[in-house]
Amino acid sequence: MKYIIVTGGVMSGLGKGITAASVGRILKNRGYRVTAVKIDPYLNIDAGTMNPAQHGEVFVLKDGSEVDLDLGNYERFLDIELTASHNITTGKVYRTVIQKERRGDFLGETVQIIPHITDQIKTCIRQAAEEEFPDGTKADICLVEVGGTVGDIESMPFLEAIRQMRGEIPPHDYVLIHVTLIPEDTMGDMKTKPTQHSVKALRELGLHAEIIVGRSANPIGAGTKRKISAFCDLPQNAVISAATAPDTYAVPMEMEKEGIADVLSAHLGLDRREADTTWYRIVNREYTNRVTVAIVSKYGIEDVYISIKESLKHAGRALSTEVKIAWLDAERYERCSLKDYDGILIPGGFGKRGIEGKIEAIRFARENNTPFLGLCLGFQLATVEYARNKAGIADATSEEFGEGTHVIAILPEQEGVNDLGGTMRLGNYTADIREGTLANRLYGQKQIVERHRHRYEVNPAHIDRLEKAGLVFSATNKNRMECLELPGHPFFFATQFHPEFRSRPTRPSPPYLGFVEACRANKRTS
Ligand code: GLN
């Protein structure tokens, strides 16, 4: 197993995750099996309870774990499926060590950060790296991204563990990439001092960067590279320029041009192989069409819906159609503006705020033949809308929102679980698709697997009435409704699951493909 450690300097939000995922893609393009571990030095056990408005989307893995959105980037770039063990947090590490201490595993020792916590971190990294892929093979290379910035108190034990690792594995199996910011002054000159300082901070911890990736607004010139090379003690070709790219999927290509593959190959003793260019061809595909999709939501922050954004991009690429997104505030948008979009998407969400605006948008899409895609909460609200306006259940609502007829409810088998986390249906579940439906046409399969993250379900007591009124539940998992659609409408489709978590640039998600295709056919915008 070879390890590529990725640390960050100067400031957070540099795109360290995209950089690491891009490095992984470059190696995967050369035929290596690559996996990834994300270290989040916060104390939370996982991201499940974290506010998406602060931390961005909570990504859901196949095993149902709720993790940092960077894991989504790794899955998309590397086309793999990760598990809980690939997201290491301080909370998880300490919990394990404390449990061991309570069990008496340490036999009277004083339990300390070094060696007990650092040993546990190394064990976690190795376990995640060695985890088999579904085909029984293992990765050749594991990326280890250390969240936060070098110098943060919280990341210290992780950086110490990584320092120890260096001495414990052969030199050819370890390389450290430091991602840093190269700002420009008012004259447009690139400044290397922040990088020098963060490399100094790394050195104080006993770490040496073999490669520096400089994030900057514009490409880094030879003069700046020479300076970094001299001050940071590494050859000039190991200073890689990573200027902000218009599209994150183009980053591997840009870094490839900078020669990072050769530098990595030399360090890790990899044989030189020609790159498979499929990825680059997809990224370079020209757009011949453009559609604008309205996403009606209550969060103003796009990071909350990163997987949805990416899935629309994946589908758009496959259809040579650029998908522009208009973010509409569910509480404030003008109903008449909805006619200006080629399609309407209602994403997942929790809580009551903004739901009436979303229901109105769904009604508009249904009545005006506008392509509609509903996801999770969007699926539930499409059910509520139909119940109210077509099935004669005027006070239809979800149990989540309060009084009324609960067409969306907690199923009896879930009741009695008071712990909020305990009632969530998380991760992969199968759904059986009804033949002859839109769902069947989209997936071309009778059974599918998709990821879930929800607590409420369509209430079985009202299904008959809804179906008699014309709504079709086209996929189910036993008594749980998984997809709904409206025959006769150009594209009215919603899923209780989140298909965006399995969409890849190389393999767009079927509901998204169908939606973008319908938006293109419905095109109203220029
Ligand atoms: N709030 C809804 C539920 O818990 C929908 C969740 C979601 O959209 N992810 O069932």
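Let us look at the structure shown here. Throughout, a residue's number is its position along its own chain's written sequence, starting from 1. Per-residue local features of the predicted model are confined to residues with pLDDT of at least 70, and side-chain atom pairs are confined, for both listing and counting, to 80 or more; whole-chain, interface and lining totals are unaffected and use all residues. Side-chain measures were taken over the full set of non-hydrogen atoms in the model, leaving aside hydrogen atoms and water.

As a further point, take the pairing of strand S16 (residues 425-433). Pairing geometry for S16 and strand S17 (residues 447-454), over eight bridges, is antiparallel. Within the sheet, the bridge partner assigned to Tyr429 lies in S17 and is Glu450. Examined bridge by bridge, S16 and strand S19 (residues 472-477) share two bridges and lie antiparallel to one another. Looking at S19, one finds that Asp432 is bridged to Thr476. Pairing between strands requires that DSSP locate at least two bridges from one strand to the other. Each helix corresponds to a stretch of at least 4 residues labelled H or I by DSSP, and each strand to a stretch of at least 2 residues labelled E; elements are numbered beginning at the N terminus.

This part is about the sheet that holds strand S8 (residues 211-216). Taken in spatial order, the seven strands line up as S5-S2-S6-S1-S7-S8-S9 in an open sheet, and their pairing is parallel. Every other strand in the sheet has two partners, leaving strand S5 (87-89) and strand S9 (239-243) as the edge strands with one partner each. Put simply, the sheet's adjacent strands are angled 20° from each other on average, direction ignored. Strand direction decides the pairing type here: strand S2 (residues 34-40) and strand S6 (residues 141-146), joined by six bridges, are parallel. The partner of Ala36 across the bridge, within S6, is Leu143. Contacts: residue pairs with any heavy atoms within 4.5 Å of one another. Think of each axis as a best-fit line through the C-alpha atoms, taken over the contacting stretch in the case of a helix, with angles from 0 to 180 degrees between the N-to-C directions. With respect to the sheet, helix H10 (residues 260-268) is in contact with strand S1 (2-8), strand S7 (174-181), S8 and S9, its orientation differing from that of S7 by roughly 145°.

Quick look at the site of the ligand now. Think of it this way: one heavy atom of a residue within 4 Å of a molecule or strand is enough to make that residue near it. In the vicinity of the ligand, the contacting residues are Gly348, Gly349, Phe350, Cys376, Leu377, Gln380, Glu400, Arg453, His454, Arg455, Tyr456 and His498. At 2.7 Å, a side-chain N or O of Glu400 approaches a nitrogen atom of the ligand. In this structure, His498 approaches the ligand through a side-chain N or O atom, which is 3.3 Å from a nitrogen atom. Relative to its unbound accessible surface of 300 Å², the ligand loses 99% to contact with the protein. Elements represented by at least two residues in the shell around the ligand include exactly helix H14 (377-389) and S17. Along the lines of polarity and charge, the residues of the shell around the ligand split into four nonpolar, five polar and three charged. Under the rule applied, a polar contact is a pair of N or O atoms within 3.5 Å (in protein, one hydrogen donor and one hydrogen acceptor; residues adjacent in sequence only if both atoms are side-chain atoms). Accessible surface area values rest on a Shrake-Rupley calculation with a 1.4 Å probe, where residue burial reflects the displayed protein chains alone. Polar here means any residue outside two lists: the nonpolar Ala, Val, Leu, Ile, Met, Phe, Trp, Tyr, Cys and Pro, and the charged Asp, Glu, Lys and Arg; Gly therefore counts as polar.

Taking strand neighbours across the sheet as the criterion, the three strands line up as S14-S15-S18 in an open arrangement whose pairing is mixed. A single partner strand is all that each edge strand has here, and the edge strands are strand S14 (396-398) and strand S18 (457-458). Taken together, the three bridges between S14 and strand S15 (residues 405-409) define a ladder with parallel strand orientation. Bridge pairing links Thr397 to His406 in S15.

The subject of this paragraph is the pattern of salt bridges. Note on definitions: salt bridges are taken to be side-chain nitrogens of Lys or Arg within 4 Å of carboxyl oxygens of Asp or Glu. Under the definition given, this model contains 45 salt bridges. Of the charged contacts, one joins Glu256 and Arg30 as a salt bridge, the two residues approaching to 2.7 Å between their closest N and O atoms. Residue Glu256 is found in helix H9 (residues 251-257), and its partner Arg30 is found in the loop between helix H1 (16-28) and S2; the two are separated by 226 residues along the sequence. Across this residue pair, the class does not change: Glu256 and Arg30 are buried. Note on exposure labels: buried denotes an accessible area under 20% of the residue type's maximum, exposed denotes more than 50%, and partly exposed covers the range between, all computed with a 1.4 Å probe on protein chains only.

Ile4 and Leu264 are the most contacted members of the largest nonpolar core, which totals 88 residues. In contact with Ile4, not counting residues within four places along its chain, are Val23, Leu27, Ile141, Cys142, Leu143, Val144, Val175, Ile177, Leu264 and Leu268. Remark: nonpolar core denotes a set of buried residues (Ala, Val, Leu, Ile, Met, Phe, Trp, Tyr, Cys) joined through side-chain atoms within 4.5 Å. Grouped together as the second largest cluster of nonpolar side chains are 42 residues, Ile346, Phe401, Val407 and Met481 included.

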